[in-house]
Amino acid sequence: MKKETLVSIAERSGCSISTVSRVLSGNAAKYRISQRTVARVTEEVKRCNYTPSLLAKGLRTNRTDTIGLLIPNIENSFFANVAGVVIRESRNYNYKVVVVDTQEDERNEQDGLSALLARRVDGIIAAPCGNDAALFASVQEGGMPLVLIDRYLPDAGMLSYVTTDNYRGAVMAAEYLLENGHRRIACIQGTPHSMPVRDRVRGFGDTLRAHGLGDRIVVTGEDFSVQNGYLETKLALAQAERPTAIFALSNLILLGVVKAVHESGLRIPDDISVVSFDDNMLFNYLDPAITCIGQPTDEIGTLAVKLLIRAVREPGAAPSHLHLPPSLIIRRSVRNLLL
C-alpha cells in the first residue's frame with residue numbers, strides 16, 4: 001500500500017501543501033483557514049488513516065521540545081558528524097532530536113517531513129536530497145520553523161541555511177593540484193542537481209579555465225556513493241591517457257576511488273594522486289593518508305540549532321544565509337610532479 005504523505009493528502013483534498021501543513025501543525029486559525037477547509041483536510045486524513053495519533057491529540061497547541069533532523073544518508077560520515085553536533089547542541093536548549101534518514105530518496109523526504117509534522121516537532125533541520133524548494137517553503141509557510149544545512153535551495157530565499165563555501169573549497173583543491181603540476185585531473189561528482197555539487201563543479205571548472213585549461217575539464221559521476229567513485233575511477237583508469245589526479249567530491253566517492261586504484265595495481269600517490277572534498281576519520285589511517293577539503297561540521301550543526309531555536313522563539317525573524325569557510329588538509333595522497 002502506498003504510504004500517505006503531505007503531498008498526497010494535499011492533492012486529494014484539493015488544497016495546497018502549505019494549507020495542509022498549516023492545518024496539521026495547528027495553525028489554521030492563525031492563517032485564517034476556513035472551518036470548511038479544515039474539515040475537508042481532516043476528513044481526508046481520517047479516511048486514509050494518516051497520523052491518527054495527531055488527530056487523537058487534536059490540533060497542535062503546545063511545544064514538544066523536540067526537533068526534527070532530516071538527513072540524506074546517516075552512513076555518510078559528514079552527515080553522521082553533523083547529526084551528532086545537532087543532538088549535542090540541542091541538549092543545551094533541553095530539546096530532543098528525532099532523526100530521519102531519507103536515503104537520498106525524494107519520496108522518503110516527503111514521508112519524513114510528514115512524519116515530523118505528525119510528531120508535532122517544534123522545528124526542523126533538513127539537508128534536502130531533492131531540489132523541490134516549494135515543498136520546504138510550504139512547510140515553513142505552514143508555521144513550522146525550518147533551517148536547511150549543507151544542501152541549500154537557491155529558489156527558497158526565505159529559508160535559512162548553513163553550508164560550507166563549496167565553491168571556495170573546490171578552488172582550493174584544484175589550485176593545490178595545479179601547484180603540484182597536475183594538468184589531467186578527473187573530477188567525480190555526487191548528485192548533479194544538489195547545490196554543493198553544483199558549486200564544487202563550478203569552482204573546479206573556473207579554476208582550470210583561469211589557468212588556461214578549459215579544454216581539460218572532465219567531470220563525471222551521478223551520486224554520493226562508494227560505487228559511483230569506484231565505477232568512474234575504473235573508467236578513468238581505462239583511458240589511453242589516464243588522469244594524474246582524481247578529485248572526489250565527497251568522502252564516500254573517495255573510498256570508491258581508493259578501492260578502484262588499488263584493484264588496478266596502482267599506488268597512491270606514486271601512480272595517481274587523489275583529493276577528497278570532505279574529511280573522514282579513516283582518511284588519517286589510510287596508507288597514504290588522504291589530502292582533503294575539510295568542512296566545519298561543528299560550526300554547521302551548532303549554527304543550525306541556534307538559528308532554529310531563534311526561529312522557534314521569534315516567529316517571523318529574517319532568514320540567515322551562512323556560507324562557512326572550508327580548510328585544505330594536506331596529507332600524503334598528492335604527488336608533486338614538478339620535482
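This structure is a prediction, so every number in the text was calculated from the model and none was measured.

Thresholds applied
Residues numbered from 1 in each chain as written. Predicted model: local features only at pLDDT ≥ 70, side-chain atom pairs only at ≥ 80, totals over all residues. Heavy atoms only, no water. Helix = DSSP H or I, 4+ residues; strand = E, 2+ residues; numbered from the N terminus. Expected span 1.5 Å × (residues − 1). Buried < 20%, exposed > 50% of the residue type's maximum accessible area, 1.4 Å probe, protein only. Salt bridge = Lys/Arg side-chain N within 4 Å of Asp/Glu carboxyl O. Contact = heavy atoms within 4.5 Å. Polar contact = N/O pair within 3.5 Å; in protein donor to acceptor, adjacent residues only side chain to side chain. Phe/Tyr/Trp six-rings, centres within 6.5 Å; stacked < 30°, edge-to-face > 60°. Lys NZ or Arg CZ within 6 Å of the ring centre and 35° of its normal.

**A closer look at helix 8 (residues 166-179)**
Next up, step 1: Relative to the 20 Å expected for 14 residues at 1.5 Å per residue, helix 8 spans 20 Å between its end C-alpha atoms, a close match to the ideal helical length.
Next up, step 2: Counting buried positions along helix 8 yields 10 of 14 residues, so the element is predominantly enclosed.
Next up, step 3: Turning to helix 8, its buried residues are Asn166, Gly169, Ala170, Val171, Met172, Ala173, Ala174, Tyr176, Leu177 and Leu178.
Next up, step 4: Immediately beyond the C-terminal end of helix 8, within one or two residues, lies Gly181, with a positive phi of roughly 90 degrees.

**Thoughts on the pattern of salt bridges**
Opposite charge on two side chains permits them to pair, given that their charged atoms come into close proximity.
Next up, step 1: In total, this model carries 14 salt bridges according to the counting rule given.
Next up, step 2: For Asp199, the salt bridge identified is with Arg202, shortest N-O distance 3.4 Å. Placement of both Asp199 and Arg202 in helix 9 (residues 195-210) is noted, with a separation of three residues, approximately one turn of the helix.
Next up, step 3: On the basis of relative accessible area, Asp199 is assigned to the buried category, the value being 7%.

**Re the environment of His182**
Next up, step 1: Its place among the elements puts His182 in the loop between helix 8 and strand 6 (185-188).
Next up, step 2: The exposure class assigned to His182 is buried, which follows from its relative accessible area of 1%.
Next up, step 3: Considered as a pair, His182 and Asp111 are 71 residues apart in the sequence and their alpha carbons are 45 Å apart.
Next up, step 4: What His182 contacts, discounting residues up to four positions off in sequence, is Leu177, Thr244, Ala245, Ser273, Val334, Arg335 and Leu337.
Next up, step 5: Only 2.8 Å separates the side chain of His182 from the backbone oxygen of Arg335, close enough to count as a polar contact.

**Quick word on the packing of aromatic side chains**
Next up, step 1: Counted under the stated rule, the structure contains three aromatic pairs.
Next up, step 2: Consider the rings of Tyr152 and Tyr161, whose centres lie 4.4 Å apart with planes at 15 degrees: the pair is stacked. The exposure classification of Tyr152 matches that of Tyr161, with both residues buried.
Next up, step 3: Ring geometry for Phe204 and Phe247: centres 6.1 Å apart, planes at 50 degrees, overall tilted. Within this pair, whereas Phe204 is found in helix 9, its partner Phe247 is found in strand 8 (residues 245-248), the two being separated by 43 residues in sequence. Residues Phe204 and Phe247 agree in their burial class; the two are buried.
Next up, step 4: Over the face of the ring belonging to Tyr230 we find Lys259, whose NZ or CZ atom lies 4.9 Å from the ring centre.

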